[in-house]
Amino acid sequence: MPGADTAWGGPALHRLRPEALAVVAAASWAVSSLFSAPPAQRLGAFAFSRWRMLFASAILWALALAGGGWRDLDAAAVGLLGLSGVVGIFIGDTALFACMNRLGPRRSGVLFATHAMFSALLAWLFLGELIQGWALVGSALLVGGVMMAVLWGKREDESHGWEQTRGRLLIGVGLGLVAALCQSVATLMLKPLMATGIDAVSASAVRMSLALAAHGLLLASGWPGARVKQPLRVRDALLTFLSAAVAMALGMTLILYAMRHGQAGLVAVFSSVTPVLLLPLLWAVYRRRPAAGAWLGAALAVAGTALILARS
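These numbers come from a predicted model, not from an experiment. (Residues numbered from 1 in each chain as written. Predicted model: local features only at pLDDT ≥ 70, side-chain atom pairs only at ≥ 80, totals over all residues. Heavy atoms only, no water.)

## A short note on the environment of Ala-298
Move 1: Locating Ala-298 in the fold gives a position in helix H14 (residues 292-311).
Move 2: Under the relative-accessibility criterion, Ala-298 is labelled buried at 13%.
Move 3: A C-alpha to C-alpha distance of 9.2 Å links Ala-298 and Met-147, two positions 151 residues apart in sequence.
Move 4: Here Ala-298 is in contact with Gly-145, Ala-149 and Val-276, once residues within four sequence places are set aside. (Helix = DSSP H or I, 4+ residues; strand = E, 2+ residues; numbered from the N terminus. Buried < 20%, exposed > 50% of the residue type's maximum accessible area, 1.4 Å probe, protein only. Contact = heavy atoms within 4.5 Å.)

## Some points on the packing of helix H10 (residues 200-220) against helix H11 (residues 234-261)
Move 1: Put simply, H10 and H11 touch, their axes get as near as 9 Å, and they point 125 degrees apart. Judged by the angle between their axes, H10 and H11 are oblique. In the crossing of H10 with H11, the sense of the turn from one axis to the other is right-handed. Across from Ala-200, Val-201, Ala-203, Ser-204, Arg-207 and Met-208 in H10, the residues of H11 making contact are Met-248, Met-252, Thr-253, Leu-256, Tyr-257 and Arg-260.
Move 2: Partitioning the contact of H10 with H11 into residue classes produces eight nonpolar, two polar and two charged. (Axes fitted to C-alpha atoms, helices over the stretch in contact; angles between N-to-C directions. Parallel < 35°, antiparallel > 145°, perpendicular 65-115°, else oblique. Left-handed = near helix turned anticlockwise from the far one by under 90°. Nonpolar A, V, L, I, M, F, W, Y, C, P; charged D, E, K, R; others polar.)

## Focus on the packing of aromatic side chains
Move 1: Tallied over the full model, the rule gives four aromatic pairs.
Move 2: Between Phe-46 and Trp-223, the ring centres sit 5.0 Å apart and the planes meet at 80 degrees, which makes this aromatic pair edge-to-face. Of this pair, Phe-46 sits in helix H4 (residues 45-67) while Trp-223 sits in the loop between H10 and H11, and the two are 177 residues apart along the sequence.
Move 3: Residues Phe-48 and Phe-97 carry aromatic rings whose centres are separated by 4.8 Å and whose planes lie at 65 degrees to one another, so their mutual orientation is edge-to-face. Taken together, the residues Phe-48 in helix H4 and Phe-97 in helix H5 (residues 75-112) connect sequence positions 49 residues apart. (Phe/Tyr/Trp six-rings, centres within 6.5 Å; stacked < 30°, edge-to-face > 60°.)

## Let's talk about the nonpolar core
Move 1: Formed by 68 residues in total, the largest nonpolar core has its most connected members in Met-208 and Met-248.
Move 2: For Met-248, the contacting residues outside a window of four places in its chain are Arg-52, Met-53, Ala-56, Ile-89, Asp-93, Met-208, Ser-243 and Thr-253.
Move 3: If you look at the next biggest cluster of nonpolar residues, it comprises nine residues, including Leu-43, Ala-47, Phe-97 and Ala-98. (Core = buried A, V, L, I, M, F, W, Y, C linked by side-chain atoms within 4.5 Å.)

## Regarding helix H6 (residues 115-127)
Move 1: What H6 keeps buried is the set His-115, Ala-116, Ser-119, Leu-122 and Ala-123. The arc that holds every buried residue of H6, seen down its axis, measures 130 degrees, which confines them to one face.
Move 2: Among the residues trailing H6, Gly-128 stands out with phi positive, at a value near 75 degrees. (Arc of directions from axis to C-beta.)

## Observations concerning the side chain of Ser-139
Move 1: One can find Ser-139 in helix H7 (residues 133-151).
Move 2: Its relative accessible area of 6% is what places Ser-139 among the buried residues.
Move 3: Residue contacts for Ser-139: discarding those within four places in its chain leaves Ile-131, Leu-266, Val-269 and Ile-308.

## Digging into the pattern of salt bridges
Move 1: Applying the stated rule across the entire model yields four salt bridges.
Move 2: In this structure, the salt-bridge partner of Arg-42 is Asp-236, at a minimum N-O distance of 2.8 Å. Remark: Asp-236 occurs in helix H11 and Arg-42 occurs in helix H3 (residues 18-43); sequence separation between them is 194 residues. Residues Arg-42 and Asp-236 agree in their burial class; the two are buried.
Move 3: Here Arg-52 and Asp-93 are joined by a salt bridge, their closest N and O atoms 2.4 Å apart. (Salt bridge = Lys/Arg side-chain N within 4 Å of Asp/Glu carboxyl O.)

## A closer look at the confidence of the model for the chain
Move 1: Residues at a pLDDT of 70 or more form 89% of the chain, whose mean pLDDT is 85.
Move 2: Put simply, helix H1 (residues 4-7) is where the chain has its lowest mean pLDDT, 50, and H10 is where it has its highest, 94. (pLDDT = per-residue confidence, 0-100.)

## Quick notes on a nonpolar patch on the surface
Move 1: Where nonpolar side chains cluster on the molecular surface, the patch consists of Leu-121, Trp-124, Leu-125, Phe-126, Leu-127 and Leu-130 and spans about 630 Å² of accessible area.
Move 2: Relative to the helices and strands, Trp-124 is located in helix H6. (Patch = residues over 30% accessible without salt bridge, like charges linked within 9 Å, V, L, I, M, F, W, Y side chains within 5 Å. Areas by Shrake-Rupley, 256 points an atom, 1.4 Å probe, with all protein chains shown as cover.)

Structure below.
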(Lines give C-alpha, C1' and ligand atoms only; values in the text may rest on other atoms or scores of the structure.)
Protein backbone atom coordinates (compact mmCIF):
# COMPACT_ATOMS: atom_id res chain seq x y z
CA MET A 1 0.00 0.00 0.00
CA PRO A 2 1.60 3.30 -1.05
CA GLY A 3 1.80 6.23 1.31
CA ALA A 4 3.98 7.62 4.05
CA ASP A 5 5.44 4.17 4.61
CA THR A 6 7.17 4.55 1.25
CA ALA A 7 8.04 8.20 1.78
CA TRP A 8 9.54 7.43 5.18
CA GLY A 9 11.81 4.60 4.09
CA GLY A 10 9.16 1.88 4.20
CA PRO A 11 10.91 -0.58 1.84
CA ALA A 12 14.03 -0.58 4.03
CA LEU A 13 11.95 -1.08 7.16
CA HIS A 14 10.03 -3.96 5.60
CA ARG A 15 13.31 -5.82 5.10
CA LEU A 16 14.03 -5.77 8.83
CA ARG A 17 12.66 -8.44 11.12
CA PRO A 18 9.91 -7.26 13.52
CA GLU A 19 12.17 -8.10 16.47
CA ALA A 20 14.89 -5.83 15.07
CA LEU A 21 12.41 -2.98 14.65
CA ALA A 22 11.32 -3.45 18.27
CA VAL A 23 14.94 -3.23 19.46
CA VAL A 24 15.50 -0.04 17.44
CA ALA A 25 12.34 1.38 19.01
CA ALA A 26 13.66 0.45 22.46
CA ALA A 27 16.94 2.18 21.65
CA SER A 28 15.07 5.32 20.62
CA TRP A 29 13.21 5.31 23.95
CA ALA A 30 16.50 4.89 25.81
CA VAL A 31 18.06 7.85 24.01
CA SER A 32 14.97 10.00 24.52
CA SER A 33 14.99 9.40 28.27
CA LEU A 34 18.20 11.43 28.45
CA PHE A 35 16.29 14.37 26.96
CA SER A 36 13.06 13.81 28.89
CA ALA A 37 13.93 13.76 32.58
CA PRO A 38 14.98 17.45 33.06
CA PRO A 39 11.99 19.11 31.29
CA ALA A 40 9.55 16.54 32.73
CA GLN A 41 10.59 17.52 36.27
CA ARG A 42 10.49 21.26 35.53
CA LEU A 43 7.20 21.35 33.64
CA GLY A 44 5.38 18.50 35.40
CA ALA A 45 4.26 15.21 33.87
CA PHE A 46 1.06 16.52 32.26
CA ALA A 47 2.52 19.70 30.79
CA PHE A 48 5.61 17.89 29.52
CA SER A 49 3.51 15.16 27.89
CA ARG A 50 1.29 17.81 26.29
CA TRP A 51 4.20 19.68 24.72
CA ARG A 52 5.84 16.44 23.64
CA MET A 53 2.66 15.26 21.91
CA LEU A 54 2.29 18.62 20.17
CA PHE A 55 5.79 18.39 18.70
CA ALA A 56 5.35 14.71 17.76
CA SER A 57 1.99 15.39 16.10
CA ALA A 58 3.51 18.14 13.97
CA ILE A 59 6.36 15.87 12.84
CA LEU A 60 4.11 12.89 12.10
CA TRP A 61 1.48 14.87 10.21
CA ALA A 62 4.15 16.50 8.05
CA LEU A 63 5.36 13.02 7.08
CA ALA A 64 1.85 11.62 6.66
CA LEU A 65 0.69 14.50 4.45
CA ALA A 66 3.84 14.25 2.34
CA GLY A 67 3.36 10.52 1.85
CA GLY A 68 -0.40 10.54 1.37
CA GLY A 69 -1.05 7.48 3.52
CA TRP A 70 -3.72 9.31 5.51
CA ARG A 71 -6.14 8.85 2.59
CA ASP A 72 -6.49 5.15 3.43
CA LEU A 73 -7.80 5.84 6.94
CA ASP A 74 -11.52 5.26 7.47
CA ALA A 75 -13.77 6.19 10.40
CA ALA A 76 -13.42 2.78 12.08
CA ALA A 77 -9.61 2.91 11.90
CA VAL A 78 -9.54 6.46 13.25
CA GLY A 79 -11.77 5.46 16.16
CA LEU A 80 -9.58 2.50 17.10
CA LEU A 81 -6.40 4.55 16.73
CA GLY A 82 -7.91 7.29 18.87
CA LEU A 83 -8.83 4.84 21.63
CA SER A 84 -5.34 3.37 21.50
CA GLY A 85 -3.83 6.84 21.70
CA VAL A 86 -5.89 7.82 24.73
CA VAL A 87 -5.02 4.59 26.57
CA GLY A 88 -1.38 4.26 25.59
CA ILE A 89 -0.23 7.86 25.17
CA PHE A 90 -2.58 10.10 27.13
CA ILE A 91 -2.88 7.79 30.16
CA GLY A 92 0.15 5.50 29.81
CA ASP A 93 2.79 8.03 28.80
CA THR A 94 1.67 10.57 31.38
CA ALA A 95 1.67 7.91 34.11
CA LEU A 96 5.20 6.91 33.09
CA PHE A 97 6.56 10.43 33.43
CA ALA A 98 4.70 10.92 36.70
CA CYS A 99 6.41 7.73 37.87
CA MET A 100 9.78 8.99 36.59
CA ASN A 101 9.35 12.26 38.46
CA ARG A 102 8.80 10.28 41.69
CA LEU A 103 11.25 7.39 41.31
CA GLY A 104 13.74 8.43 38.62
CA PRO A 105 14.52 6.79 35.25
CA ARG A 106 16.17 3.66 36.68
CA ARG A 107 13.33 2.45 38.90
CA SER A 108 10.59 3.64 36.57
CA GLY A 109 12.38 1.69 33.84
CA VAL A 110 12.10 -1.64 35.61
CA LEU A 111 8.41 -1.04 36.34
CA PHE A 112 7.72 -0.14 32.72
CA ALA A 113 9.59 -3.25 31.54
CA THR A 114 6.74 -5.32 32.98
CA HIS A 115 4.76 -4.36 29.85
CA ALA A 116 6.49 -7.32 28.16
CA MET A 117 4.83 -9.74 30.58
CA PHE A 118 1.48 -7.96 30.33
CA SER A 119 1.70 -8.09 26.53
CA ALA A 120 2.59 -11.77 26.41
CA LEU A 121 -0.34 -12.65 28.67
CA LEU A 122 -2.85 -10.44 26.83
CA ALA A 123 -1.65 -11.66 23.41
CA TRP A 124 -2.29 -15.23 24.54
CA LEU A 125 -5.71 -14.40 25.99
CA PHE A 126 -7.07 -12.22 23.19
CA LEU A 127 -5.00 -12.93 20.06
CA GLY A 128 -4.29 -16.61 20.57
CA GLU A 129 -0.52 -16.02 20.35
CA LEU A 130 1.57 -18.30 22.52
CA ILE A 131 5.27 -17.96 23.24
CA GLN A 132 6.60 -21.47 23.81
CA GLY A 133 9.68 -23.65 23.58
CA TRP A 134 13.05 -21.94 23.24
CA ALA A 135 11.35 -18.62 22.51
CA LEU A 136 9.75 -18.80 25.95
CA VAL A 137 13.09 -19.60 27.59
CA GLY A 138 14.76 -16.76 25.71
CA SER A 139 11.97 -14.34 26.59
CA ALA A 140 12.28 -15.23 30.27
CA LEU A 141 16.04 -14.64 30.14
CA LEU A 142 15.59 -11.35 28.31
CA VAL A 143 12.93 -9.89 30.59
CA GLY A 144 14.62 -11.24 33.72
CA GLY A 145 17.93 -9.78 32.57
CA VAL A 146 16.34 -6.38 31.96
CA MET A 147 14.87 -6.30 35.45
CA MET A 148 18.11 -7.51 37.05
CA ALA A 149 20.08 -4.86 35.17
CA VAL A 150 17.84 -2.11 36.47
CA LEU A 151 17.25 -3.40 40.00
CA TRP A 152 20.95 -4.10 40.57
CA GLY A 153 22.15 -1.22 38.44
CA LYS A 154 22.71 1.20 41.32
CA ARG A 155 26.19 1.42 42.81
CA GLU A 156 26.59 1.74 46.57
CA ASP A 157 28.04 5.23 46.20
CA GLU A 158 25.20 6.41 43.89
CA SER A 159 23.86 9.77 45.07
CA HIS A 160 22.37 11.23 41.90
CA GLY A 161 19.10 13.13 42.36
CA TRP A 162 17.32 10.67 40.08
CA GLU A 163 17.79 7.97 42.75
CA GLN A 164 15.74 9.87 45.34
CA THR A 165 12.09 9.05 46.03
CA ARG A 166 9.77 12.03 45.78
CA GLY A 167 6.43 11.45 47.47
CA ARG A 168 5.06 8.04 48.45
CA LEU A 169 6.87 5.04 47.00
CA LEU A 170 3.66 3.03 46.60
CA ILE A 171 2.10 5.70 44.38
CA GLY A 172 5.19 5.77 42.18
CA VAL A 173 5.11 1.97 41.81
CA GLY A 174 1.41 2.09 40.96
CA LEU A 175 1.98 4.73 38.28
CA GLY A 176 4.74 2.64 36.70
CA LEU A 177 2.54 -0.46 36.53
CA VAL A 178 -0.37 1.54 35.10
CA ALA A 179 1.97 2.89 32.40
CA ALA A 180 3.13 -0.63 31.54
CA LEU A 181 -0.40 -2.04 31.36
CA CYS A 182 -1.62 0.86 29.20
CA GLN A 183 1.30 0.38 26.84
CA SER A 184 0.41 -3.29 26.44
CA VAL A 185 -3.31 -2.78 25.92
CA ALA A 186 -2.88 0.15 23.53
CA THR A 187 -0.38 -1.70 21.35
CA LEU A 188 -2.17 -5.04 21.24
CA MET A 189 -5.51 -3.54 20.24
CA LEU A 190 -3.84 -2.30 17.04
CA LYS A 191 -2.38 -5.66 15.98
CA PRO A 192 -5.36 -6.65 13.74
CA LEU A 193 -5.52 -3.16 12.23
CA MET A 194 -1.79 -3.02 11.43
CA ALA A 195 -1.99 -6.46 9.80
CA THR A 196 -4.25 -4.94 7.11
CA GLY A 197 -1.29 -2.89 5.82
CA ILE A 198 -2.48 0.49 7.04
CA ASP A 199 0.11 3.28 6.83
CA ALA A 200 2.06 3.23 10.09
CA VAL A 201 3.10 6.90 10.00
CA SER A 202 -0.45 8.12 9.48
CA ALA A 203 -1.66 5.75 12.20
CA SER A 204 0.89 7.23 14.62
CA ALA A 205 -0.19 10.75 13.65
CA VAL A 206 -3.84 9.99 14.42
CA ARG A 207 -2.99 8.32 17.74
CA MET A 208 -0.83 11.25 18.78
CA SER A 209 -3.34 13.92 17.76
CA LEU A 210 -6.27 12.37 19.59
CA ALA A 211 -4.18 11.80 22.71
CA LEU A 212 -3.15 15.48 22.51
CA ALA A 213 -6.83 16.45 22.20
CA ALA A 214 -7.57 14.51 25.39
CA HIS A 215 -4.77 16.42 27.11
CA GLY A 216 -6.26 19.68 25.85
CA LEU A 217 -9.68 18.80 27.28
CA LEU A 218 -8.09 17.99 30.62
CA LEU A 219 -6.30 21.34 30.66
CA ALA A 220 -9.50 23.15 29.67
CA SER A 221 -11.33 21.49 32.56
CA GLY A 222 -9.29 23.59 34.96
CA TRP A 223 -7.80 20.66 36.88
CA PRO A 224 -4.73 22.08 38.68
CA GLY A 225 -2.57 19.03 38.02
CA ALA A 226 -2.66 19.65 34.26
CA ARG A 227 -1.12 23.11 34.55
CA VAL A 228 2.52 23.75 33.85
CA LYS A 229 4.66 23.91 36.99
CA GLN A 230 7.26 26.31 35.60
CA PRO A 231 7.35 28.37 32.39
CA LEU A 232 8.67 26.66 29.26
CA ARG A 233 12.23 27.76 28.57
CA VAL A 234 14.07 27.51 25.25
CA ARG A 235 16.16 24.62 26.62
CA ASP A 236 13.02 22.82 27.81
CA ALA A 237 11.43 23.22 24.38
CA LEU A 238 14.53 21.89 22.61
CA LEU A 239 14.83 18.84 24.87
CA THR A 240 11.11 18.14 24.62
CA PHE A 241 11.23 18.39 20.82
CA LEU A 242 14.15 15.94 20.68
CA SER A 243 12.28 13.56 22.98
CA ALA A 244 9.17 13.81 20.78
CA ALA A 245 11.10 13.19 17.56
CA VAL A 246 13.12 10.24 18.83
CA ALA A 247 10.69 8.47 21.16
CA MET A 248 7.28 9.23 19.71
CA ALA A 249 7.65 10.04 16.03
CA LEU A 250 10.31 7.36 15.49
CA GLY A 251 9.97 4.84 18.32
CA MET A 252 6.20 4.45 18.44
CA THR A 253 5.94 4.29 14.64
CA LEU A 254 8.56 1.53 14.53
CA ILE A 255 6.51 -0.47 17.01
CA LEU A 256 3.52 -0.22 14.68
CA TYR A 257 5.68 -1.43 11.81
CA ALA A 258 6.84 -4.36 13.96
CA MET A 259 3.27 -5.22 14.95
CA ARG A 260 2.32 -5.49 11.27
CA HIS A 261 4.19 -8.77 10.73
CA GLY A 262 5.54 -9.77 14.13
CA GLN A 263 4.13 -11.77 17.00
CA ALA A 264 2.75 -9.21 19.44
CA GLY A 265 4.18 -10.86 22.56
CA LEU A 266 7.69 -11.16 21.12
CA VAL A 267 7.63 -7.58 19.81
CA ALA A 268 6.78 -6.44 23.34
CA VAL A 269 9.56 -8.58 24.83
CA PHE A 270 12.18 -7.13 22.49
CA SER A 271 10.95 -3.57 23.04
CA SER A 272 11.44 -4.02 26.80
CA VAL A 273 15.26 -3.83 26.53
CA THR A 274 15.22 -0.03 26.89
CA PRO A 275 16.62 -0.05 30.47
CA VAL A 276 19.56 -2.24 29.41
CA LEU A 277 20.34 0.05 26.48
CA LEU A 278 20.09 3.04 28.80
CA LEU A 279 22.92 1.80 31.05
CA PRO A 280 25.82 2.46 28.63
CA LEU A 281 24.21 5.76 27.63
CA LEU A 282 24.18 6.93 31.25
CA TRP A 283 27.79 5.82 31.57
CA ALA A 284 28.84 7.71 28.43
CA VAL A 285 26.90 10.90 29.13
CA TYR A 286 27.06 11.18 32.92
CA ARG A 287 30.20 9.12 33.59
CA ARG A 288 28.18 6.82 35.89
CA ARG A 289 29.60 3.32 35.52
CA PRO A 290 26.91 0.63 35.93
CA ALA A 291 27.23 -1.77 38.85
CA ALA A 292 28.28 -5.41 38.41
CA GLY A 293 24.65 -6.57 38.70
CA ALA A 294 23.74 -4.38 35.75
CA TRP A 295 26.35 -6.07 33.57
CA LEU A 296 25.09 -9.51 34.63
CA GLY A 297 21.52 -8.55 33.81
CA ALA A 298 22.57 -7.14 30.45
CA ALA A 299 24.42 -10.38 29.67
CA LEU A 300 21.30 -12.41 30.44
CA ALA A 301 19.23 -10.12 28.23
CA VAL A 302 21.68 -10.52 25.34
CA ALA A 303 21.69 -14.31 25.84
CA GLY A 304 17.90 -14.37 25.78
CA THR A 305 17.82 -12.26 22.62
CA ALA A 306 20.33 -14.54 20.89
CA LEU A 307 18.36 -17.63 21.90
CA ILE A 308 15.10 -16.27 20.50
CA LEU A 309 16.66 -15.19 17.21
CA ALA A 310 18.61 -18.42 16.78
CA ARG A 311 15.54 -20.59 17.28
CA SER A 312 13.05 -18.52 15.25
